[in-house]
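# Fold and geometry: a report
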Amino acid sequence: MTLADASLDDKYRLEHCRVFLTGVQALTRLPMLQHLRDRAAGLNTAGFVSGYRGSPIGGLDTALHEAQAFLTAHDVRFKPGVNEDLAATAIWGTQQLHLLPGQPRRDGIFSMWYGKGPGVDRCGDVFKHANYAGTSVHGGVLVVAGDDHAARSSAVAHQSEHVFSACAMPVLAPAGVQDILDFG
């Protein structure tokens, strides 16, 4: 009996096999999968991920840093924000290719913002305006919020659904890791 070669990098490297992931690793893999889907559709897209470090999804930026080589290979740029607002504004900017003079180098940019609940509060203005402005034809934005209902890692308990509703943003609640990958 021979054992298959396996590596911890398989979670980001393998494209057509079963991989084992945590939720944070699935979020890290999501932009890579989007790039593959776009490439298969004949699109020349790139990805951008930004957000603000902190619990309860504080491990996401660590996972993104660790996967930097894989992200780069899939034309995904990860740039942590100085704060939630600047990260959200940078994400909004990725959806404005049509406003640039000349022919853009990409067909679109898909993006992901991440932060914890109080950061969602801070970004309400950006989220609302960006959502009403819309995304580029071959772009799109996923906003990932880590709520802290029991205030274990935040100053106050937090829930983001009402803020997203006020910004007319749909709310997706994954039941498991596969749901995260299916959202993409």
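In this report, the structure presented in the accompanying data block is examined. (Residues numbered from 1 in each chain as written. Predicted model: local features only at pLDDT ≥ 70, side-chain atom pairs only at ≥ 80, totals over all residues. Heavy atoms only, no water.)

## Topic: the packing of aromatic side chains
- Per the counting criterion, the structure on display carries four aromatic pairs.
- An angle of 35° between the planes, with centres 6.5 Å apart, marks the rings of Phe78 and Tyr114 as tilted. Note that Phe78 is positioned in strand β2 (residues 76–78) and Tyr114 in strand β3 (residues 108–116), a separation of 36 residues in sequence. No difference in accessibility class separates Phe78 from Tyr114, as the two residues are buried. (Phe/Tyr/Trp six-rings, centres within 6.5 Å; stacked < 30°, edge-to-face > 60°. Helix = DSSP H or I, 4+ residues; strand = E, 2+ residues; numbered from the N terminus. Buried < 20%, exposed > 50% of the residue type's maximum accessible area, 1.4 Å probe, protein only.)

## Brief notes about the pattern of salt bridges
- Here the structure, examined in full by the defined rule, presents three salt bridges.
- Of the charged contacts in the structure, one is a salt bridge between Arg106 and Asp75, with a shortest N-O distance of 3.6 Å. Separated by 31 residues along the polypeptide, Arg106 in the loop between α5 (84–94) and β3 and Asp75 in the loop between α4 (68–73) and β2 bring together distant segments of the chain.
- Between Asp85 and Arg122 there is a salt bridge, with the nearest N and O atoms lying 3.0 Å from each other. Here Asp85 is found in helix α5, whereas its partner Arg122 is found in helix α6 (residues 117–122), with 37 residues between them in sequence.
- You can call Arg122 partly exposed: its relative accessible area is 44%.
- Salt bridges linked by common partners bring Glu84, Asp85 and Arg122 together as one network. (Salt bridge = Lys/Arg side-chain N within 4 Å of Asp/Glu carboxyl O.)

All quantities given are derived from atomic positions and should not be read as evidence of function.
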